[in-house]
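Survey of secondary and tertiary structure
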Amino acid sequence: MKTIAVLNQKGGAGKTTIATHLATALQHSGHSVLLVDSDPQGSARDWAAVREEHPVSVVGIDRPTIERDLKSLAPVDFVIIDGAPQASDLAVSAIKAADFVLIPVQPSPYDIWATAELVDLVKQRIEITDGKLKASFVVSRAITGSNIGKEVSATLEEYGLPVLNTKISQRVDYPGTAARGSTVIEDLPRSEGTREMLELSAEIESIM
Ligand code: ADP
Ligand code: MG
């Protein structure tokens, strides 16, 4: 079982969008997947509840016992943890449960600065686990056609964690498909959104 935690204390960073797409992408490539909604707001649970029977299994664990609670659930190939908008005991619990921490960050200095606390927590855990825990930033909600990507990646690298090659763009298709409890992967298989989300999933799998 491999656990990917999508974390950033900032709301609106794209955690739930990325977590729901990663879960769907991994399931489409034949893996068994569980999406853990650790946000007390329950966005991933709301997403799944739009459809009577959702193809992705979603459970809510919004207490700082994620690591322990996962052990009592049926094992799957991949657990995706959709993070809560706080760098609290909940985030610590998600980091402890994780093999890979993915930090989506919008290409803005305010958003980059706001990750400092989380990055410290992640680095501490990387040290404790002798590097078994892996972590990366992914640029999220990048405006297509803009050229801030490179600058942002350089700034993020100063935080001492790698930045994935894949970038997730700002696209109306993401909220559009989420409103139907779906993803671009299911509804718009030939779209640019699907291409980048499948690329993200493949890049993470290649690192883990
Ligand atoms: P978080 O879980 O980090 O709070 P969400 O994924 O819920 O972030 O995104 C917040 C809002 O922004 C949602 O309405 C979502 O649909 C929208 N959003 C997130 N990522 C994108 C994107 N790449 N393109 C367009 N809208 C996005
Ligand atoms: Mg969310």
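Higher on the page you've got the structure.
What comes next is a walk through the structure. What you see is a predicted model; the values in this text were computed from it and never measured. Position labels on residues start from 1 in each chain and follow its written sequence. To read the labels, note that chains go from A and ligands from 1, taken in the order they are written. In keeping with the predicted nature of the model, local features appear solely for residues at pLDDT of at least 70, side-chain atom pairs appear and are counted solely at 80 or more, and the whole-chain, interface and lining totals rest on all residues. To obtain the side-chain values, all non-hydrogen atoms of the structure were included, while hydrogens and water were left out.

Moving on to the nonpolar core. Take the buried Ala, Val, Leu, Ile, Met, Phe, Trp, Tyr and Cys residues and link them wherever side-chain atoms come within 4.5 Å; each set so joined is a nonpolar core. For every residue, the accessible area (1.4 Å probe, protein chains only) is compared with the maximum for its type, and the residue is labelled buried under 20%, exposed over 50%, or partly exposed between those bounds. With 33 residues, the main nonpolar core has I66, I81, V101, V122, F137 and L156 as its most contacted residues. Among the elements of the structure, β2 (33–37), α3 (66–71), β4 (78–82), α4 (89–97), β5 (100–105), α6 (116–128), β6 (134–139) and α7 (149–157) are those that each provide at least two residues to this core. We call two residues contacting when some pair of their heavy atoms lies within 4.5 Å. Those residues in contact with V101 that sit more than four places away from it in its chain are A5, L7, I95, V122, L133, K134, A135 and S136. Judged by nonpolar contacts, the second largest core, of 27 residues, contains I4, V6, F78 and I168. Strands here mean DSSP runs of E at least two residues long; helices mean DSSP runs of H or I at least four residues long; both are numbered from the N terminus.

Looking now at the pairing of β6. Of all the six residues making up β6, five are buried; the element is thus mostly covered by neighbouring parts of the structure. For β5 and β6, the ladder comprises six bridges, and the chain directions are parallel. Within β6, the position partnered with V105 by the bridge is V139. Pairing between two strands requires that DSSP report at least two bridges joining them.

What follows is about the sheet that holds β6. Ordered in space as β3-β2-β4-β1-β5-β6, the six strands form an open sheet in which the pairing is parallel. Of all the strands in the sheet, just β3 (57–60) and β6 have a single pairing partner and so form its edges. Strand-to-strand twist in this sheet, taken as the mean axis angle between neighbours without regard to direction, amounts to 20 degrees. Judged from the five bridges that link them, strand β1 (residues 2–6) and β4 form a sheet pairing that is parallel. The partner of T3 across the bridge, within β4, is V79. Helix axes are fitted only over the stretch in contact, all axes being lines through C-alpha atoms; the angle between N-to-C directions runs from 0 to 180 degrees.

Here a residue is considered near a molecule or strand provided that any single heavy atom belonging to it is located within 4 Å of it. Close contacts around ligand 1 come from 15 residues, with G12, K15, T17, S169 and R171 the closest. Polar contact is the term for a pair of N or O atoms within 3.5 Å; when the atoms are in protein, one must be able to donate a hydrogen and the other to accept it, and sequence-neighboring residues count only if both atoms are side-chain atoms. T17 has a polar side-chain atom sitting 2.7 Å from an oxygen atom of ligand 1. Between ligand 1 and R141, the relevant distance is 3.0 Å, taken from an oxygen atom to a side-chain nitrogen or oxygen of the residue. Against a free-state accessible area of 550 Å², the protein chains account for coverage of 78% of ligand 1. Elements supplying a minimum of two residues to the shell around ligand 1: α1 (15–28) and α8 (173–178). Broken down by element, the shell around ligand 1 gets its largest block of residues, three residues, from α1. Here the residues of the shell around ligand 1 sort into four nonpolar, seven polar and four charged. For the area figures, the Shrake-Rupley method with a 1.4 Å probe applies, and any residue is considered shielded solely by the protein chains shown. Under the convention adopted here, Pro, Cys and the residues Ala, Val, Leu, Ile, Met, Phe, Trp and Tyr are nonpolar, Asp, Glu, Lys and Arg are charged, and Gly plus all remaining residues are polar.

Time to look at the pattern of salt bridges. In a structure, side chains of opposite charge can pair up when their charged atoms sit close to one another. Salt bridges, as used here, are contacts in which a Lys or Arg side-chain nitrogen is within 4 Å of a carboxyl oxygen on Asp or Glu. Throughout the structure, instances matching the rule amount to seven salt bridges. A salt bridge links E186 to R51; its shortest N-O distance comes to 2.9 Å. Here the residue E186 occupies a position in helix α9 (residues 184–187), and R51 occupies one in the loop between α2 (43–49) and β3, the gap between them amounting to 135 residues. Judged by relative accessible area, which is 29%, E186 ranks as partly exposed. A relative accessible area of 24% places R51 in the partly exposed class. Between D187 and R180 there is a salt bridge, and its shortest N-O distance comes to 3.0 Å. Judged by relative accessible area, which is 31%, D187 ranks as partly exposed.

Treat this as a map of the structure, not an account of what it does.
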